[in-house]
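So the chains spell out like this:
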Amino acid sequence: MAFTASLSTDMDTAIIELTGELDASTVPAFHGTIDAAADRGVNRLVLRAGELTYLSSAGLRSLVFARQKMGDGVTIVMVGAIEPVARTVRLAGFDRSIVMLDE
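Below you will find a few notes about this structure. Every value quoted in this text rests on a predicted model; they were computed, and no experiment measured them. (Residues numbered from 1 in each chain as written. Predicted model: local features only at pLDDT ≥ 70, side-chain atom pairs only at ≥ 80, totals over all residues. Heavy atoms only, no water.)

Observations regarding the overall build of the protein chain
1) Next: The helix and strand inventory of the protein chain stands at three helices and five strands.
2) Next: Secondary structure of the protein chain in N-to-C order comes out as β-β-α-β-α-β-α-β.
3) Next: Since a compact globule built from 103 residues should have a radius of gyration of about 13 Å, the 12 Å found for the protein chain is in line with a globular shape.
4) Next: By its C-alpha atoms, the protein chain is 30 × 25 × 25 Å across when sized along the principal axes.
5) Next: Looking at the protein chain residue by residue over its 103 residues, the buried ones come to 42%.
6) Next: Surface accessibility of the protein chain: about 5,300 Å² in total, with carbon and sulfur atoms responsible for 49%.
7) Next: Treating the 9 positive side-chain charges of the protein chain as one cloud and the 13 negative ones as another, the clouds have centres 5 Å apart. (Helix = DSSP H or I, 4+ residues; strand = E, 2+ residues; numbered from the N terminus. Rg over C-alpha atoms; globule rule 2.2 N^0.38 Å. Buried < 20%, exposed > 50% of the residue type's maximum accessible area, 1.4 Å probe, protein only. Areas by Shrake-Rupley, 256 points an atom, 1.4 Å probe, with all protein chains shown as cover. Lys, Arg positive; Asp, Glu negative; His and termini not counted. Charge placed at Lys NZ, Arg CZ, Asp CG, Glu CD.)

As structure tokens, this is what we get:
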């Protein structure tokens, strides 16, 4: 499945729908979407990850990029991550920097 990161905005929330595999080859597309979200000056970033099938170490680093790019005042929420993706986030300890919700 090809990777996509689709951005929409609802009031002060940026929503990025993630599908496919977030790895070294797809990180640049995700970074571009994060840059666009940061430019909107939102207070909350929601990563809808129900269709994200794989998260590599490069993908995990891109989440760190998102945390840094959005700034400390922005809450980042990952919603609906499948167990292997959620496990990767938890094992790296990144679940302390973002909010993870089942759905």
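Now that the structure has been shown, the text picks up again.
Looking at the nonpolar core
1) Next: Among the nonpolar cores identified, the biggest contains 27 residues, and Phe-30, Leu-45, Leu-47, Leu-63 and Val-89 are the most heavily contacted of them.
2) Next: Of all the secondary-structure elements, those providing two or more residues to this core are strand S2 (13–22), helix H1 (27–39), strand S3 (44–55), helix H2 (57–70), strand S4 (75–79) and helix H3 (83–91).
3) Next: Not counting residues within four places of it along the chain, the set of residues in contact with Leu-47 comprises Ile-16, Leu-18, Phe-30, Leu-63, Ile-76, Val-77, Met-78 and Val-79. (Core = buried A, V, L, I, M, F, W, Y, C linked by side-chain atoms within 4.5 Å. Contact = heavy atoms within 4.5 Å.)

Concerning the environment of Ala-24
1) Next: Among the structural elements, Ala-24 can be located in the loop between S2 and H1.
2) Next: Along the sequence, Ala-24 and Ser-57 sit 33 residues apart, while their C-alpha atoms lie 8.2 Å from each other.
3) Next: Setting aside residues up to four positions removed in sequence, Ala-24 forms contacts with Ser-56 and Ala-58.

A few points about the side chain of Ser-56
1) Next: For Ser-56, the position within the fold is in the loop between S3 and H2.
2) Next: For Ser-56, the side chain forms a polar contact with the main-chain nitrogen of Ala-58, separated by 3.2 Å.
3) Next: Excluding its chain neighbours within four sequence positions, the residues that come into contact with Ser-56 are Leu-22, Asp-23 and Ala-24. (Polar contact = N/O pair within 3.5 Å; in protein donor to acceptor, adjacent residues only side chain to side chain.)

Some points on the packing of H1 against H2
1) Next: Between H1 and H2, whose axes approach to 10 Å, the crossing angle comes to 15 degrees. Considered as vectors, H1 and H2 are oriented roughly parallel to each other. Judged by the sense of rotation from one axis to the other, the crossing of H1 with H2 is right-handed. Contacts between H1 and H2 involve Val-27, Phe-30, His-31, Ile-34, Asp-35, Ala-37 and Ala-38 from the former and Ala-58, Gly-59, Ser-62, Leu-63, Phe-65, Ala-66, Lys-69 and Met-70 from the latter.
2) Next: Residues of the contact of H1 with H2, tallied by class, amount to 10 nonpolar, three polar and two charged. (Axes fitted to C-alpha atoms, helices over the stretch in contact; angles between N-to-C directions. Parallel < 35°, antiparallel > 145°, perpendicular 65-115°, else oblique. Left-handed = near helix turned anticlockwise from the far one by under 90°. Nonpolar A, V, L, I, M, F, W, Y, C, P; charged D, E, K, R; others polar.)

Shape is all these values report; function is a separate question.
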